[in-house]
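Chain by chain, the residues run as shown.
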Amino acid sequence: MLQGMRVVDLTIPLGPNTIMWPGAPEPTFENLTSIKNDGYFARIVSFFEHTGTHFDAPSHFIEGHNTVDKFPAEKLVRPAVVIDISERIGDDADGELTLADVHAFESAHGEMPHEAAILLRTGWERFNNDVRKYAGEPGKTRFPGFGAEAARFLVEERKAVGLGTDTLGIDPGYATDYPVHSTISHPKGLWHLENLTNLSQLPPLGAWVIVGVLPLVDGSGSPARVIALLP
Ligand SMILES: [Zn+2]
């Protein structure tokens, strides 16, 4: 036990039932050896880089920009700012973080720290065993996310290092031109975390997030074990 610290796991387990982006290939798991036959058990696992709780590197949208392995560990251990819009948006699948939400957060809690990880709680994790509700339809995705104006403020004025949320994507599902990914956040070198869980257990300020992403060489993203530490 870390003295005086509480640990919260923000990760969805990665298995055959992990919810996927509509139409994305599902992970596969193959037993390579068994203890009975070989003396040890091991599998071969194959997954889309954007499966389950995962990390997006800027190279996901920006040609030639940083790949997953290019992030030094100090960029992956960050103070967490947790903005909760779940009550305001309710069941609205087109709900998004607005600049007014960010201003309301800072009125209540003071100016957020710079170079933090901004984690958006929409409450959508409650649907993550129901692909229609969580994701929408193939070619017609619907889920909440970061509005472009709010994202621009967080990137430019608050110098955020990363953005994370409890939905399939940082951009809301309806925004099929992905403005945050393609023009606001990744071009500035920010990372993203998608399909987080348990954000309700974090305070608005004061937690730290540890992004345990695989340093896949040349990767566009990777599943990640994401852990929060609370004082
Ligand atoms: Zn992704």
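Whatever comes next refers back to the structure up there.
Residues numbered from 1 in each chain as written. Predicted model: local features only at pLDDT ≥ 70, side-chain atom pairs only at ≥ 80, totals over all residues. Heavy atoms only, no water.

## Section: the overall build of the protein chain
Here is step 1 of the chain: The helix and strand inventory of the protein chain stands at 6 helices and 14 strands.
Here is step 2 of the chain: With the C-alpha coordinates aligned to their principal axes, the bounding extent of the protein chain is approximately 65 × 45 × 35 Å.
Here is step 3 of the chain: For the protein chain, with 231 residues in total, the buried portion stands at 50%.
Here is step 4 of the chain: Across the protein chain, contacts joining residues at least 24 apart in sequence account for 74% of those joining residues at least 6 apart.
Here is step 5 of the chain: Accessible surface for the protein chain amounts to roughly 11,200 Å². Of this, 52% is attributable to carbon and sulfur atoms.
Here is step 6 of the chain: Each charge class in the protein chain was averaged separately, 18 positive and 30 negative side chains, and the resulting centres sit 3 Å apart. (Helix = DSSP H or I, 4+ residues; strand = E, 2+ residues; numbered from the N terminus. Buried < 20%, exposed > 50% of the residue type's maximum accessible area, 1.4 Å probe, protein only. Contact = heavy atoms within 4.5 Å. Areas by Shrake-Rupley, 256 points an atom, 1.4 Å probe, with all protein chains shown as cover. Lys, Arg positive; Asp, Glu negative; His and termini not counted. Charge placed at Lys NZ, Arg CZ, Asp CG, Glu CD.)

## Overview of the pattern of salt bridges
Here is step 1 of the chain: Scanning all chains against the criterion turns up 10 salt bridges.
Here is step 2 of the chain: Among the ionic pairs, Asp69 bridges to Lys70, the shortest N-O distance being 3.5 Å.
Here is step 3 of the chain: Between Asp91 and Arg126 there is a salt bridge whose closest N-O contact spans 2.6 Å. Of this pair, Asp91 sits in the loop between helix H2 (86-89) and strand E6 (96-97) while Arg126 sits in the loop between strand E7 (117-121) and helix H4 (131-135), and the two are 35 residues apart along the sequence.
Here is step 4 of the chain: Given the relative accessible area of 62%, Asp91 is considered exposed.
Here is step 5 of the chain: What makes Arg126 partly exposed here is its relative accessible area of 42%.
Here is step 6 of the chain: Sharing partners across several salt bridges, the network here consists of Glu106, Glu111 and Arg158. (Salt bridge = Lys/Arg side-chain N within 4 Å of Asp/Glu carboxyl O.)

## Comments concerning the pairing of strand E12 (residues 191-194)
Here is step 1 of the chain: Residues Trp191 and Leu193 line one face of E12 and the alternating positions His192 and Glu194 line the opposite face, and both faces are buried.
Here is step 2 of the chain: As paired elements, strand E4 (residues 54-56) and E12 share 3 bridges and run antiparallel to each other. Following the sheet pairing, His54 is matched in E12 by Glu194. (Pairing = 2+ DSSP bridges.)

## With respect to the nonpolar core
One recurring pattern in soluble globular proteins: nonpolar side chains tend to sit buried together.
Here is step 1 of the chain: Ranked by internal contacts, the top residues of the largest apolar core, which has 25 residues, are Leu10, Phe55, Leu119, Trp191, Leu202 and Val211.
Here is step 2 of the chain: Secondary-structure elements contributing two or more residues to this core are strand E5 (77-84), E7, E12, strand E13 (207-213) and strand E14 (221-230).
Here is step 3 of the chain: Residues Met112, Ala150, Ala151 and Leu163 belong to the second largest nonpolar core, which totals 24 residues. (Core = buried A, V, L, I, M, F, W, Y, C linked by side-chain atoms within 4.5 Å.)

## Let's talk about the packing of aromatic side chains
Here is step 1 of the chain: The final tally for this structure, using the stated rule, is 6 aromatic pairs.
Here is step 2 of the chain: A ring pair is formed by Trp21 and Tyr178, whose centres lie 6.4 Å apart and whose planes are at 55°; its orientation type is tilted. Residue Trp21 is located in the loop between strand E1 (6-9) and strand E2 (28-33), and its partner Tyr178 is located in the loop between strand E11 (162-165) and helix H6 (179-185); the two are separated by 157 residues in the primary sequence.
Here is step 3 of the chain: Judged by its relative accessible area of 27%, Trp21 falls in the partly exposed class. (Phe/Tyr/Trp six-rings, centres within 6.5 Å; stacked < 30°, edge-to-face > 60°.)

## Here we look at the coordination of the zinc ion
Here is step 1 of the chain: At this site the zinc ion is bound by His50 (ND1), His54 (NE2), Asp56 (OD) and Glu194 (OE), with donor distances of 1.9 to 2.7 Å.
Here is step 2 of the chain: Bound by 4 donor atoms, the zinc ion shows angles of 71 to 169° at the metal and therefore irregular coordination geometry.
Here is step 3 of the chain: The motif formed by the donor residues of the zinc ion, counted along the single chain, is H-x3-H-x1-D-x137-E. (Donors = N, O, S within 2.8 Å, 3.2 Å for Na, K, Ca; no water. Tetrahedral: all angles 85-135°; square planar, octahedral: opposite > 155°, others 65-115°.)

## Side note on the environment of Gly206
Here is step 1 of the chain: Within the secondary structure, Gly206 sits in the loop between E12 and E13.
Here is step 2 of the chain: When the C-alpha atoms of Gly206 and Val82 are compared, they prove to be 9.3 Å apart, with 124 residues separating the residues in sequence.

Purely geometric stuff here, so don't read any function into it on its own.
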